Amino acid sequence: MTGRTGRPTAPTDPHGATAMKITLDADKCCAAGQCVLIAPEVFDQRDEDGVVVLLDAAPPAEQHTAVREAAAICPAAVIEVQE
Amino acid sequence: MTTRPIAVVGASAAGITAAEALRRAGWTGPLTLIGDEPHLPYDRPPLSKQLLHGAWEPARLMLRTAEQLAPLDLDLRLGTRATGLDVATRTLTLDDGQRLACAGVIIATGVAARTLPAADGLTGVFTLRTLDDALALRDRLSGGPRRLVVVGNGVLGCEAAAVARELGHEVTLIGREPVPMAAAVGPGMGELLADEHRARGVRLLTGEVAAFEPAAAADRPVQVDGVRLVDGSRLPADLVLLAIGSEPAVGWLTDPALDTTDGLGCDAYCAAAPGIYAAGDVARWEHPVHGRPLRFEHRMNATEQAMAAARNLVAELTAEAVNGTAEAAGDGAEPPERRPFAPVPYFWSDQYGLKLQAYGLTTGADQVETTVLDRDARRAVALFGRAGRAVGVLACALPPRQLRSLRALVATPVLWEEARDRLREATTVG
Ligand SMILES: Cc1cc2nc3c(=O)[nH]c(=O)nc-3n(C[C@H](O)[C@H](O)[C@H](O)COP(=O)(O)OP(=O)(O)OC[C@H]3O[C@@H](n4cnc5c(N)ncnc54)[C@H](O)[C@@H]3O)c2cc1C
Ligand code: SF4
């Protein structure tokens, strides 16, 4: 194994300063609303059926942690984040 | 010195989320993901919905693309079953004979569908847990109407019955409980949904299966032809779906250091033993807010618990490293702390056009109050209480904005009367 050690290192945020681009596969959304709870500035839900709506496809750096958390927690793997 | 890996056992919703969360938490060592299914991690909820319906093909269920998996640098072992775990040495045994000594283990083996021995050896009898199960059932539901008997009127049985009706099949739903899904949604909501199933043409029966009757022909394999109930009645059937619950996949965990009475018992941090954590359907843990052991078979819990277990395992290994060798503490960073896992549980179910959504605990309640807001639209809410406090809330066909506000209602158990007032307010305004 090259460059790998078994000891955990402190979590880093290698992407902190770079741009983030979000894409949604909204057909898969099951309207759980967890993304809106975690990042209300970035996600919303349609009134009629609760399907996710993207408010900001390229959110500012202070939103990045929340967006990553929302993408990880979404139970339908709807949110894709590119950094 | 070769570095020992962290191994995640079970390559589904909880397993893949745990693997990602381990990397995010700073684990740069080897990471092994072991799953006994041949498929890359896929999502189960659509199996009884869009996939069974034929609206989606299996590719849509994949939880991660190859490009998303690549940066995780996984030692991915699909089609491989873990057969044992020695707790003291954190050593896994695999069905290919390998032994894997690990730094830490996350167990995410989920549950398996329960079957009935009476159905052994009969074709036309299905369960619905895996992609292969769902594709096999879907195949038999294509090409002409069939008589389908769904045994078990829980949430899964009801979802499958709804899809089969929409596809034009003749559907009988039989359960021990007179009200479908009563255990998960309460009697009032169960009745409301029973009305919908009846209106859509599903035949609802209460009873218990005594035997499966084979077709008369001496063909091999023998095809099921009917279901005999304990009361003597007979339901003709081309297909039978067993939706009678599940068993946690803990049979391989025989080390007496582990408690496997109902899933794998864990503490509030999702730890089953030092260096060994669990997440998802298989994990029973001490919920710090509710103060009792809980186990959920809900999709949201699989992700949330996997993230918690991964973070806590990395925190434990970091502390071990710091305590173990002075030099290991070199980077001087404050080690991360383990945190109790205290989620607000969430689940949903889709039947016909109706969406059921619940926050908190809906099972094990000693008090349930259902309010029908619009009978024709099947719009309703139910509040679940235990020992005088509201612990769960369930909604059917509720607008999303109203629904989200219900989460706060049961985030921590509040007094029943107060929750009831707040629920009334939340569902009358807006
Ligand atoms: C048809 C269906 C519909 C559902 N619908 C909903 C819904 O609408 N809403 C909702 O909230 N939840 C729903 N669920 C529940 C949800 O899918 C589960 O909560 C979720 O899949 C749990 O994920 P998991 O990773 O913990 O377990 P699982 O998804 O069960 O994955 C465990 C994996 O581990 C593997 N495994 C087991 N033993 C071993 C071993 N010894 N070695 C290696 N691998 C092993 C299994 O084969 C499996 O691949 C549904 C489930 C099903 C089956
Ligand atoms: S968390 Fe996922 S499934 Fe839920 S609303 Fe957001 S995108 Fe949809």
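Residues numbered from 1 in each chain as written. Chains lettered and ligands numbered in written order. Predicted model: local features only at pLDDT ≥ 70, side-chain atom pairs only at ≥ 80, totals over all residues. Heavy atoms only, no water.

Asker: I'd love a proper account of the packing of aromatic side chains, names of residues and values included.
Answerer: Working definition: an aromatic ring pair is given by the centre-to-centre distance plus the angle between the planes. All names here are of chain B. A complete count under the given rule lists 4 aromatic pairs over all chains for this structure. Consider the rings of Trp285 and Phe341, whose centres lie 5.0 Å apart with planes at 40 degrees: the pair is tilted. Of this pair, Trp285 sits in strand S22 (residues 283-287) while Phe341 sits in the loop between helix H8 (299-324) and strand S24 (346-351), placing them 56 residues apart in sequence. On the basis of relative accessible area, Trp285 is assigned to the buried category, the value being 0%. Ring plane angle 45 degrees and centroid distance 5.2 Å describe the contact between Tyr346 and Tyr359, whose orientation is recorded as tilted. Here Tyr346, found in strand S24, pairs with Tyr359, found in strand S25 (residues 354-360); they are 13 residues apart in sequence, far enough to count as distant. Across the pair, exposure class does not vary: Tyr346 and Tyr359 are buried alike. A connected cluster of aromatic rings, assembled from ring pairs, spans Trp285, Phe296 and Phe341. Above the face of the Trp56 ring, Arg60 is positioned so that its terminal group lies 4.8 Å from the ring centre. Lying over the aromatic face of Tyr269, Arg338 brings its terminal NZ or CZ to 4.1 Å of the ring centre. (Phe/Tyr/Trp six-rings, centres within 6.5 Å; stacked < 30°, edge-to-face > 60°. Helix = DSSP H or I, 4+ residues; strand = E, 2+ residues; numbered from the N terminus. Buried < 20%, exposed > 50% of the residue type's maximum accessible area, 1.4 Å probe, protein only. Lys NZ or Arg CZ within 6 Å of the ring centre and 35° of its normal.)

Asker: Please give an account of the interface of chain A and chain B that cites residues and values.
Answerer: Each side of the interface is counted separately: chain A has 32 residues, and chain B has 39 residues. Interface area for chain A against chain B, summed over the two sides, is near 3100 Å², with a carbon-plus-sulfur share of 51%. For the pair chain A and chain B, the interface holds 2 salt bridges. A salt bridge links Arg60(B) to Asp27(A); its shortest N-O distance comes to 3.9 Å. Of all the elements in the fold, those that place two or more residues in the side of chain A that touches chain B are helix H1 (34-38), strand S2 (43-45) and helix H2 (64-73) of chain A. Residues that form the side of chain A that touches chain B fall into these classes: 14 nonpolar, 7 polar and 11 charged. (Contact = heavy atoms within 4.5 Å. Buried area = accessible area lost by both parts, 1.4 Å probe. Salt bridge = Lys/Arg side-chain N within 4 Å of Asp/Glu carboxyl O. Nonpolar A, V, L, I, M, F, W, Y, C, P; charged D, E, K, R; others polar.)

Asker: Can you explain the pairing of strand S27 (residues 379-386) of chain B? Please cite residues and give values.
Answerer: Residues and elements named next belong to chain B. Burial analysis of S27 places 6 of its 8 residues in the buried class, the great majority of the element. As paired strands, strand S26 (residues 367-374) and S27 are joined by 7 bridges and run antiparallel to one another. In the strand pairing of S27, Thr370 is matched with Ala382. Hairpin connection from S26 to S27: 4 residues lie between these consecutive antiparallel strands, with Arg378 at a positive phi of about 55 degrees. Hairpin connection of S27 to strand S28 (residues 389-396): 2 residues between the antiparallel strands, including Ala387 at a positive phi of 50 degrees. (Pairing = 2+ DSSP bridges.)

Asker: Account for the site of ligand 2, naming residues and giving values.
Answerer: Residues and elements named next belong to chain A. Around ligand 2 sit Cys29, Cys30, Ala31, Ala32, Gly33, Gln34, Cys35, Val52, Cys74, Pro75 and Val78, and that is every residue in its neighbourhood. Structurally, ligand 2 is housed in the largest cavity. Broken down by class, the residue content of the shell around ligand 2 amounts to 9 nonpolar, 2 polar and no charged. (Near = heavy atom within 4 Å. 1 Å grid on protein atoms, 1.4 Å probe; cavity = no way out; pocket = protein on both sides within 12 Å on 5 of 7 lines; lining within 4 Å. Sits in = over half its atoms within 2 Å of the grid points.)

Asker: Outline the packing of helix H1 (residues 13-24) of chain B against H8(B), supporting the account with residue identities and numerical values.
Answerer: Residues and elements named next belong to chain B. At their nearest, the axes of H1 and H8 sit 8 Å apart, and the two run at 35 degrees to each other. Note that H1 runs across H8; the crossing there is right-handed. The segment H1 lies against H8, with Ala13, Ala14, Thr17, Ala18, Ala21, Leu22 and Arg24 engaging Arg299, Ala302, Thr303, Ala306, Met307, Ala310, Leu313 and Val314. Considered class by class, the residues forming the contact of H1 with H8 number 11 nonpolar, 2 polar and 2 charged. (Axes fitted to C-alpha atoms, helices over the stretch in contact; angles between N-to-C directions. Left-handed = near helix turned anticlockwise from the far one by under 90°.)

Asker: Pulling in residues and values, what's your account of empty space enclosed by the protein?
Answerer: Here the idea is plain: a probe the size of a water molecule rolls over the atoms and shows the empty space left. One pass over the structure, following the stated rule, counts 2 cavities of 30 Å³ or more. The space that makes up the largest cavity amounts to roughly 90 Å³. In terms of lining residues, the largest cavity is bounded by Cys29(A), Cys30(A), Ala32(A), Gly33(A), Gln34(A), Cys35(A), Val52(A), Cys74(A), Pro75(A), Ala76(A), Val78(A) and Ile79(A). Across the lining of the largest cavity, the residue classes tally to 10 nonpolar, 2 polar and no charged. Each pocket or cavity is described by its volume, and for the second largest cavity that value is around 50 Å³. If you trace the second largest cavity, you find it lined by Ala71(A), Ala72(A), Cys74(A), Ala77(A), Ala13(B), Ile16(B), Thr17(B), Leu63(B), Arg64(B), Arg299(B) and Thr303(B). Sorting the residues of the lining of the second largest cavity by element identifies H2 of chain A together with H1 and H8 of chain B as the ones contributing at least two each. Per element, the largest residue contribution to the lining of the second largest cavity is 3 residues, and it comes from H1(B). (Points joined across faces, edges and corners; volume = space filled by probe spheres on them.)

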